[in-house]
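# Survey of secondary and tertiary structure
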Amino acid sequence: MRRVVVTGLGLVTPLGGDVETSWKNILASKSGAGQITKFDASDQKATIACEVKPPEHEYGFDPNLRVDHKVQRQVDPFIVYGIDAAGQALEDAGLMDMTDEEKLRTGCSIGSGIGGLPGIEKESLVLAERGPGRVSPHFVHGRLINLISGQVSIKYGLMGPNHAVVTACSTGAHSIGDAARMIALDDADIMLAGGAEATICPIGIAGFAQAKALSTRNDDPEAASRPYDKNRDGFVMGEGAGVVVLEEYERAKARGATIYAEVAGYGLSGDAHHVTAPHPDGVGAYRSMEMALNRSGLSTADIDYVNAHGTSTMADVLELAAVRRLFGDDIATMSMSSTKSAIGHLLGGAGAVEAIFSILAMRDQTVPPTLNLDDPEDSCEGVDLVPHVAKQREVRAVLSNSFGFGGTNASVIMKAV
Amino acid sequence: MSETADRVKKIVVEHLGVEADKVTEEAAFIDDLGADSLDIVELVMAFEEEFSVEIPDDAAEKIATVKDAIDFIDNNKG
């Protein structure tokens, strides 16, 4: 099978409207959490979130850089974030002037866990209060999950596979893994792959809060996302997008592209257990990681950093136990952290954003911290969870985990080329 | 410029994201201002809202230019 490498990165996160700003803030142990400003959340159980900041903010996002005014008006924010991150990745890869022939072999696989929930909420109220004749004609295609891939393909003329993964919180990881296979199997030479989410809206917060998934540490938002800490009480909702350019290795090498990493292994599995809770023995997570490891041809001794799913819920320790089982004695020499401690849980965007942080950890030989890890669970003994501050260390290969509602698991292993 | 024309042009600029000086009375929504059929549905809804008029589908289909919209509104608003 053909080898697949990463040649471009794009990010919109609560800590920055681009890759370098987001990463710099992650390494500086900043938190993107705060009180919700997008709507009046005073009647919600959870009043906090990690919002993407407005353009005037020190690390804000400016939607006008890459997304047409008209498109912005018609679509939900997850699509705006996705289009921008895809544009960043293409620019970063130096692929803004592709020939028609290259565009025929370039595709998109940018998904989302939930899609346009704020718009669905808003237009449902219009329907109820003012009738069907007032529903926007852009309602459907402005909310559909595959419309990031659709919009990006139209904007940049990309005529290869046009796809969108929907696997809740493992969407971003599945997107990258599946798209890499499309290149490996010769369906395309280049794929834009990733995920986006923007569900910080009344029904989104209420829905997750009712499912008892969200932290209610409302009086101290920056301390609310605290994976592995004994006092964690749920995740903090984040939003944003992550998109990578995947490219066939020989092609990337021939054009002298900057190669960030090789997608070395990909694993996926189902828990077959419960709609929201992971299997108590972590069997699905284990099999997903094991498959990725076997595909990669690496051993656990080669993997220096694990970007954990680690959402700041009870499930953190189940993932850790599965990692411990897989790594055996090698767990003593690797580092593992959860960047959700800084940017919250980006749901369908999480896997892609975290894959990018993992790649940057390799580029800069620096692993990002797990914030707020004051009092780790006893079962964390002997594992370097990179508490509080980033750490310089050798990083040759990385494993990024993502698990989602429905019991869906994805693991991506990337290595330096 | 009439008050109606002013308000119509403002809506067109906002919805289609075009420069204000392109929105002349002769400008056709599709050929000159880059609108598609869904944009026109949305514009008609915005005109109905702004001027408290009802624009039936058969009348909406005949609105091709900015002037068509202004004329319909001037002739039908309460």
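Residues numbered from 1 in each chain as written. Chains lettered and ligands numbered in written order. Predicted model: local features only at pLDDT ≥ 70, side-chain atom pairs only at ≥ 80, totals over all residues. Heavy atoms only, no water.

Residue and element names in this part refer to chain A. Interhelical geometry of helix α1 (residues 19-27) versus helix α13 (residues 350-364) gives an angle of 75° and a closest axis separation of 11 Å. With respect to each other, α1 and α13 are oriented roughly perpendicular. For the pair α1 and α13, contact is made by Val19, Glu20, Ser22, Trp23 and Ile26 and by Phe357, Leu360, Ala361, Arg363 and Asp364, respectively. (Axes fitted to C-alpha atoms, helices over the stretch in contact; angles between N-to-C directions. Helix = DSSP H or I, 4+ residues; strand = E, 2+ residues; numbered from the N terminus. Parallel < 35°, antiparallel > 145°, perpendicular 65-115°, else oblique. Contact = heavy atoms within 4.5 Å.)

Moving on to helix α8 (residues 202-210) of chain A. All names here are of chain A. Within α8 the residues assigned to the buried category are Gly204, Ile205, Phe208 and Ala209. The buried side chains of α8 occupy one side of the element, clustering within an arc of 125° when seen end-on. Where the residues of α8 are buried, they touch α5 (117-130). (Buried < 20%, exposed > 50% of the residue type's maximum accessible area, 1.4 Å probe, protein only. Arc of directions from axis to C-beta.)

The subject of this paragraph is the interface of chain B and chain A. The interface is formed by 13 residues belonging to chain B together with 12 residues belonging to chain A. Considering only the side of chain B, the residues that lose the most area to chain A are Leu38, Glu42 and Met45 of chain B, jointly responsible for 43% of the buried surface there. Here chain B is connected to chain A by six salt bridges. Arg134 of chain A is the salt-bridge partner of Glu49 of chain B, the closest N and O atoms lying 2.8 Å from each other. Here chain B and chain A share 11 residue pairs in polar contact (both at pLDDT 80 or more) between them. Per-element tally for the side of chain B that touches chain A: the top contributor is helix α2 (residues 37-51) of chain B, with seven residues. (Buried area = accessible area lost by both parts, 1.4 Å probe. Salt bridge = Lys/Arg side-chain N within 4 Å of Asp/Glu carboxyl O. Polar contact = N/O pair within 3.5 Å; in protein donor to acceptor, adjacent residues only side chain to side chain.)

Okay, the packing of helix α7 (residues 171-184) of chain A against α13 of chain A next. Residues and elements named next belong to chain A. Where α7 contacts α13, the two axes come as close as 5 Å, and the packing angle between them is 70°. Comparing their axes, α13 and α7 come out roughly perpendicular. On α13, the residues touching Gly172, Ala173 and Ile176 of α7 are Gly351, Ala352 and Ala355.

So, about the domain arrangement of chain A. All names here are of chain A. Partitioning chain A into structural domains gives domain 1 (4-255) and domain 2 (266-415). For domain 1 versus domain 2, the separation of C-alpha centres amounts to 21 Å. Domain 1 puts 64 residues into the contact, and the matching count from domain 2 is 63 residues. Counting each side, the surface lost to burial between domain 1 and domain 2 is near 4700 Å², with a carbon and sulfur contribution of 65%. When the buried surface of domain 1 facing domain 2 is broken down by residue, Trp23, Tyr228 and Arg232 rank first, second and third, together holding 20% of it. At the boundary of domain 1 and domain 2, one finds six salt bridges. Inspection of the region where domain 1 meets domain 2 yields 26 residue pairs in polar contact (both at pLDDT 80 or more). Mapped by element, the contributors of at least two residues to the side of domain 1 that touches domain 2 are β1 (4-12), α1, α7, β6 (190-197) and β7 (240-248). (Domains from an automatic or database assignment.)

The subject of this paragraph is the UniProt feature "domain: Ketosynthase family 3 (KS3)" (unreviewed entry) in chain A. UniProt records the feature "domain: Ketosynthase family 3 (KS3)" (unreviewed entry) for residues 1-416 of chain A in the present numbering. Summarising residues 1-416 of chain A: 32% helix, 18% strand, and an end-to-end C-alpha distance of 19 Å. (UniProt positions renumbered as here; feature names shortened; annotations may be inferred.)

Take the UniProt feature "active site" (unreviewed entry) in chain A next. Residue and element names in this part refer to chain A. This chain's UniProt record puts "active site" (unreviewed entry) on Cys169. Mapped onto the elements of the fold, Cys169 is located in the loop between β5 (162-163) and α7. A residue is classified by how much of its surface remains accessible, and Cys169, at 10% relative accessible area, is buried. If we ignore the near neighbours within four places in the chain, the residues touching Cys169 are His309, His345, Leu347, Gly348, Ser402, Phe403 and Gly404.

The subject of this paragraph is the layout of surface pockets. Leftover empty space is mapped by rolling, across the atoms, a probe with the size of a water molecule. Roughly 730 Å³ of internal volume is contained in the largest pocket. Residue lining of the largest pocket: 31 residues in total, with Arg73, Lys122, Glu123 and Ser136 of chain A together with Glu42 of chain B positioned closest to the centre. Within the residue set of the lining of the largest pocket, elements represented by two or more residues are α2 (69-74) and α5 of chain A together with α2 of chain B. At eight residues, α5 of chain A tops the list of elements feeding residues into the lining of the largest pocket. Residue composition of the lining of the largest pocket, by class: 13 nonpolar, six polar and 12 charged. Taken as a whole, the second largest pocket encloses approximately 620 Å³ of empty space. Along its surface, the second largest pocket is lined by 36 residues, and Thr276, Pro278, Thr313, Ala315 and Phe405 of chain A are the ones closest to its centre. Taken together, domain 1 (4-255) and domain 2 (266-415) of chain A each give at least three residues to the lining of the second largest pocket, which thus spans both. (1 Å grid on protein atoms, 1.4 Å probe; cavity = no way out; pocket = protein on both sides within 12 Å on 5 of 7 lines; lining within 4 Å. Points joined across faces, edges and corners; volume = space filled by probe spheres on them. Nonpolar A, V, L, I, M, F, W, Y, C, P; charged D, E, K, R; others polar.)

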